[in-house]
Amino acid sequence: MGRRSILVAAGWLATAAIATLIGLGAIRLVGESLTGTPGGVRSEAEIERALASPEPVPTGTTGTASVGPGTTSPTPSASSGVRRGFATDGGTAVAECGAGGVRLVSWAPAQGYRVRDVDRGPDDDVEVTFQGPTREYELKVRCIGSEPVAVADD
């Protein structure tokens, strides 16, 4: 009876060890795809090239300026006008002034927020609304001269 108990315990331990190793391997394979950044992490140079391109930048790219006091100087764009990034607590957006008016180049919600509505233009003004669990942020942009400027809601 003692020998049989030892064999049962050894078999159980071997089975548990194999199941643990298989589980850890599966978690490692799946975990990288779950926790990795979609499309990888972009370098500063890649972001600058994407902002300078005439094609829309995928959402997820953030702007470089804040709405209100302290906005940074606009960045010239290779496509037509001036691009400027804007940030709110609900998310960020990049807008550009050009021949057809202002247009949103990209936008990305902050963590815990989602994009509820987008008017990307080109038009006299564009806007993006970020919806959170308890608050909503609307970013409205117009061109003043050839520069995108955030404006208060009318």
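This text goes with the structure placed above it.
Note that the coordinates shown come from a computational prediction; the quantities given were computed from them, not determined experimentally. (Residues numbered from 1 in each chain as written. Predicted model: local features only at pLDDT ≥ 70, side-chain atom pairs only at ≥ 80, totals over all residues. Heavy atoms only, no water.)

## Focus: the side chain of D125
Within the fold, D125 resides in strand β6 (residues 125-131). For D125, a relative accessible area of 18% translates into the label buried. A polar atom in the side chain of D125 sits 3.5 Å from the side chain of R142. Beyond its immediate sequence surroundings of up to four residues, D125 is in contact with V102, D119, K140, V141 and R142. (Helix = DSSP H or I, 4+ residues; strand = E, 2+ residues; numbered from the N terminus. Buried < 20%, exposed > 50% of the residue type's maximum accessible area, 1.4 Å probe, protein only. Polar contact = N/O pair within 3.5 Å; in protein donor to acceptor, adjacent residues only side chain to side chain. Contact = heavy atoms within 4.5 Å.)

## Describing a nonpolar patch on the surface
A surface patch of nonpolar side chains, about 340 Å² in accessible area, is lined by L21, L24 and I27. Overall, the relative accessible area of 60% leaves L21 in the exposed class. (Patch = residues over 30% accessible without salt bridge, like charges linked within 9 Å, V, L, I, M, F, W, Y side chains within 5 Å. Areas by Shrake-Rupley, 256 points an atom, 1.4 Å probe, with all protein chains shown as cover. Salt bridge = Lys/Arg side-chain N within 4 Å of Asp/Glu carboxyl O.)

## Some remarks on the sheet that holds strand β5 (residues 114-119)
Here we have 4 strands laid out as an open sheet, ordered β5-β6-β7-β8, and antiparallel in their pairing. Edge positions in the sheet fall to β5 and β8 (147-151), since each of these pairs with one other strand and no more. Averaged over all neighbouring strand pairs, the angle between strand axes comes to 20 degrees, with direction disregarded. Note that β6 and strand β7 (residues 136-144) share 7 bridges and pair antiparallel. Residue pairing for β7: T129 is matched across the bridge by E138. (Pairing = 2+ DSSP bridges. Axes fitted to C-alpha atoms, helices over the stretch in contact; angles between N-to-C directions.)

## A few points about the pattern of salt bridges
In this structure the tally under the stated criterion is 5 salt bridges. The partner of R84 in a salt bridge is E147, with the nearest N and O atoms 3.3 Å apart. Separated by 63 residues along the polypeptide, R84 in strand β2 (residues 82-87) and E147 in strand β8 bring together distant segments of the chain. Residue classification places R84 among the buried residues on the basis of a relative accessible area of 10%. Residues E136 and R116 are paired through a salt bridge, measuring 2.9 Å at the closest nitrogen-oxygen approach. In this pair, E136 sits in strand β7 while R116 sits in strand β5, placing the two residues 20 residues apart along the sequence. What emerges from the salt-bridge pattern is a single network uniting R83, E96 and R103.

## Things to note about the state of the cysteines
Counted according to the given criterion, the structure contains 1 disulfide. One disulfide bridge connects C97 with C143, the sulfur atoms lying 1.9 Å from each other. A torsion of -115 degrees about the S-S bond marks the disulfide between C97 and C143 as left-handed. Linking C97 in strand β3 (residues 91-98) with C143 in strand β7, this pair joins segments that are 46 residues apart in sequence. Assessed through its relative accessible area of 3%, C97 is described here as buried. (Disulfide = S-S within 2.5 Å.)

## Considerations on the pairing of β8
As defined by bridge partners, β7 adjoins β8 across 5 bridges and the pair is classed as antiparallel. Following the sheet pairing, K140 is matched in β8 by V151. Counting the residues that bridge the hairpin from β7 to β8 gives 2 residues, and of these G145 lies at a positive phi of roughly 70 degrees.

Function-wise, these values are silent; they only describe arrangement.
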